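The chain contents come next:
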Amino acid sequence: MALNVAALADFNNEVAGKIVLDTVYTGNTTEYVSVQEGIKFQEPLNLIAVTPFFQGGDSVSTASGSATFSQRNITVTKRTAYDSWNLQTLTEKYLGVSALPAGSYEETMTLLNDLTGDLVKKASQANDVFLWQAVSGSSSDSNSNVIAQSDGFKTLISGSTSGVVSATGTGASPITASTAYAQMSEMISQVDANILDADDLTFFMGTKVFQRVISGLTTQNLFHFDPTTVAKRGGFYEVPMPGYPNIKIVGVFGLGASERVILGPSSDMVVGTDLVSDTTNFSLWYDINSDTLKYRLRNKLGVQIGHPEYFVSNDLA
């Protein structure tokens, strides 16, 4: 007589199953730029420009020249991520049972290390998107309803800001692999001569454009370019610009698939925050009243540039 197993569920060994989290491209623009700490809402960048005036003659007694003081404000935006998890719902599943040590309650689940680790990475991504993509007075992030108090770097470093140079010629076109070096060299030719030899002159671009640039430089087999010099710094990839020892190329998560390419001194780009640790810290606690595990990530972020005239942007979307 044949076996009738229609009433039995198929076997699924959840206890043996591996926990697989999202693969996350992390990163923090603050690894490259300047940081101004302690901003509760708004603080200025204090700028000073000294201009000497040379006079002729054997005896000079007339005061000349100038020292000009100016300010550019950094306004930070309050951002909070908060959620609560009732872990008892997970203990009804084999996965939860396997992750819970014997004789303990849900707040000690071993998979919390995986959850919180993923949480920090996703928060880092969201922070970087905000630093670049924020638009003053609107919520530009589909995964947030935060209304930005000020523009991010993408809007700030564009032709809409007085002084920023809008690239012309081939530098204004989307980067292609076959012409990447020529296009970026064109942008370099339009940089303010005062900062052409700055040690921190940097191309910032999205990861998609960065891949195209590396492909192009590798294919062209430029004498100065070694593909093995592509380095991972923190959460970003960077490579030296062939022929320019003081210029690096950086692919940032915050620009995503955007065609925008920006060139300027990274130290003149400033991220404002209340605490430097705001970009990575979070609180996690067990609330006995609601019997849930809760987390809260809270930060204040804003950006500004010191000298718009030091930057060149291709102004692409």
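For the structure itself, look to the data block above.
Fair warning: this is a prediction, and the values are worked out from it, not measured in the lab. (Residues numbered from 1 in each chain as written. Predicted model: local features only at pLDDT ≥ 70, side-chain atom pairs only at ≥ 80, totals over all residues. Heavy atoms only, no water.)

Chemist: I'm lost on the overall build of the chain in this one. Help?
Modeler: Check the secondary structure of the chain and you find six helices and 14 strands. Across the 317 residues that make up the chain, the buried fraction comes to 40%. Across the chain, the fraction of contacts at a sequence separation of at least 24, relative to all contacts at a separation of at least 6, is 72%. A total of about 17,200 Å² of accessible surface is found on the chain, and carbon and sulfur atoms cover 53% of it. (Helix = DSSP H or I, 4+ residues; strand = E, 2+ residues; numbered from the N terminus. Buried < 20%, exposed > 50% of the residue type's maximum accessible area, 1.4 Å probe, protein only. Contact = heavy atoms within 4.5 Å. Areas by Shrake-Rupley, 256 points an atom, 1.4 Å probe, with all protein chains shown as cover.)

Chemist: Any chance you could explain the nonpolar core here in plain terms?
Modeler: Where a protein is soluble and globular, its nonpolar side chains tend to be buried together. Counting 48 residues, the largest nonpolar core has W132, F203, M205, V213, I249 and M269 as its most contacted members. It is helix 6 (residues 207-220) that provides the largest number of residues to this core, a total of five residues. In terms of nonpolar packing, the next biggest core, distinct from the first, is built from six residues, L47, I74, V76 and V270 among them. (Core = buried A, V, L, I, M, F, W, Y, C linked by side-chain atoms within 4.5 Å.)

Chemist: How should I be thinking about the pattern of salt bridges in this particular structure?
Modeler: Think of it this way: side chains of opposite charge can pair up when their charged atoms draw near. What the rule picks out here adds up to five salt bridges. Each of the salt bridges in this network shares a partner with another, and the network as a whole consists of K40, D274 and K300. (Salt bridge = Lys/Arg side-chain N within 4 Å of Asp/Glu carboxyl O.)

Chemist: Got a minute to help me understand helix 6 in this structure?
Modeler: Each α-helix turn comprises 3.6 residues. Residues three or four places apart therefore point the same way. Relative to the 20 Å expected for 14 residues at 1.5 Å per residue, helix 6 spans 20 Å between its end C-alpha atoms, a close match to the ideal helical length. All buried positions along helix 6 are accounted for by T207, V209, F210, V213, I214, G216 and L217. Positive phi shows up at N221, right after helix 6, with a value of about 50°. (Expected span 1.5 Å × (residues − 1).)

Chemist: Help me out: how do you make sense of the packing of aromatic side chains in this one?
Modeler: This structure, assessed with the given rule, holds four aromatic pairs. Ring centres of Y32 and F204 lie 6.3 Å apart, and the angle between their planes is 90°; on these two criteria the pair is classed as edge-to-face. Placement of the pair is Y32 in the segment before strand 1 (34-36) and F204 in strand 6 (residues 201-206), with a sequence separation of 172 residues. With respect to burial, Y32 and F204 carry one shared label: buried. The interplanar angle of 50° and the centroid separation of 5.5 Å between the aromatic rings of W132 and F204 together place this pair among those described as tilted. In this pair, W132 sits in helix 3 (residues 112-133) while F204 sits in strand 6, placing the two residues 72 residues apart along the sequence. (Phe/Tyr/Trp six-rings, centres within 6.5 Å; stacked < 30°, edge-to-face > 60°.)

Chemist: I'm lost on the environment of T202 in this one. Help?
Modeler: Mapped onto the secondary structure, T202 falls in strand 6. Considered as a pair, T202 and S266 are 64 residues apart in the sequence and their alpha carbons are 6.1 Å apart. In this structure, T202 is in contact with K248, V250, I262, L263, G264 and S266, ignoring residues within four places of it in sequence. Among the polar contacts made by the side chain of T202, one reaches the main-chain carbonyl oxygen of D200 at a distance of 2.8 Å. (Polar contact = N/O pair within 3.5 Å; in protein donor to acceptor, adjacent residues only side chain to side chain.)

Chemist: In this structure, what is going on with the side chain of K154? I would like to understand it.
Modeler: Position of K154 relative to the elements: it lies in helix 4 (residues 153-156). Despite being buried, K154 has no salt bridge partner; D315 is the closest side chain of opposite charge, sitting 9.9 Å away. Here K154 is in contact with W132, Q133, L255, S258, R260, L316 and A317, once residues within four sequence places are set aside. (Lys, Arg positive; Asp, Glu negative; His and termini not counted.)

Chemist: Whenever I open this one, a nonpolar patch on the surface confuses me. Can you help?
Modeler: A grouping of I48, V50 and F69 is seen on the molecular surface, where their side chains present a nonpolar patch of about 360 Å² in accessible area. Positionally, I48 belongs in strand 2 (residues 42-51). (Patch = residues over 30% accessible without salt bridge, like charges linked within 9 Å, V, L, I, M, F, W, Y side chains within 5 Å.)

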